Amino acid sequence: MKLWLDSADIEAARRWNCIARGITTNPVVLAKALLSGWVDVEERLSALCALYNPRPVSIQVWQLAACDILNNARQLHRVAHNAIVKVPVVDTEGQHLLWAIRKLSEEGIMVNATACMSAGQAIMAAEAGARYVSIFCGRIMDEGSNALEALTATRNAIDPLATEVVAGSIRTVGQVVEYSGVPDIIITAPPDVLHKMTRHARSAETVREFADEAERIGLT
């Protein structure tokens, strides 16, 4: 299992640099980081790529029209050598973008096929050449479906391929723990979830006990 940080916040990226094996972003994440315009966004993405080099930083296209998406993807690819281009599996009208995933992959651009809500979508994206397929587990659960089944089915189906499966849209510590049992999975987690994973009242209580006893016997 690998953890990716789901954030464009530079301080969070520094804080979790010790454990995160990559970063994933999208326009919603960029907006939360209070970025505005391409100049701001490019500067932040470049900083994240430098900080995490050579680990991957996943950056999502925002142009989805057939005449623009490839150029947008190439623009993001040029940000840094460790930039991974995220391409939604469908456009805003629900039409597949597998052709774009295929074209970019043939150009040597590593693609993260994102916004997959089913194993079927993820499998198709993998067949189109995606290096990663991101399944939005939280949103799948919102619909009352089983995200773990989607992850497992995808992992089993694409096992012969070089594609890696990403569990995205993670909202709770429980989801991280549950999905970590899927072989060779990547789990994205926002900073608040990672923070909660490190905390436990009994841990803090125990460490205070150690510190008190160290002081009592003259070690501090």
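Conventions and cut-offs
- Residues numbered from 1 in each chain as written.
- Predicted model: local features only at pLDDT ≥ 70, side-chain atom pairs only at ≥ 80, totals over all residues.
- Heavy atoms only, no water.
- Pairing = 2+ DSSP bridges.
- Helix = DSSP H or I, 4+ residues; strand = E, 2+ residues; numbered from the N terminus.
- Contact = heavy atoms within 4.5 Å.
- Axes fitted to C-alpha atoms, helices over the stretch in contact; angles between N-to-C directions.
- Parallel < 35°, antiparallel > 145°, perpendicular 65-115°, else oblique.
- Left-handed = near helix turned anticlockwise from the far one by under 90°.
- Nonpolar A, V, L, I, M, F, W, Y, C, P; charged D, E, K, R; others polar.

(A) Molecular detail of the sheet that holds strand 1 (residues 2-6). In space, the 8 strands of this closed barrel follow the order 1-2-3-4-5-6-7-8, with parallel pairing throughout. Inspection of the sheet shows strand 2 (residues 23-24) paired to strand 3 (residues 57-60) by 2 bridges, in the parallel sense. Bridge assignment links Ile23 to a residue of strand 3, and that residue is Val57. Where helix 3 (residues 37-52) meets the sheet, its contacts fall on strand 1, strand 2, strand 3 and strand 4 (83-88), and the angle it forms with strand 3 comes to roughly 160°. Across the sheet, helix 4 (residues 69-77) lies against strand 3 and strand 4, angled at about 155° from strand 4, the strand it touches most.

(B) Main features of the packing of helix 6 (residues 119-127) against helix 8 (residues 147-157). The interhelical angle for the contact between helix 6 and helix 8, taken along N-to-C directions, is 30°, at an axis separation of 9 Å. By the angle between their axes, helix 6 is roughly parallel relative to helix 8. By crossing handedness, the relation of helix 6 to helix 8 is classed as right-handed. Residue-level contacts link Ala119, Ala122 and Ile123 of helix 6 to Ala150, Ala153, Thr154 and Ala157 of helix 8. Residues belonging to the contact of helix 6 with helix 8 are distributed by class as follows: 6 nonpolar, 1 polar and no charged.

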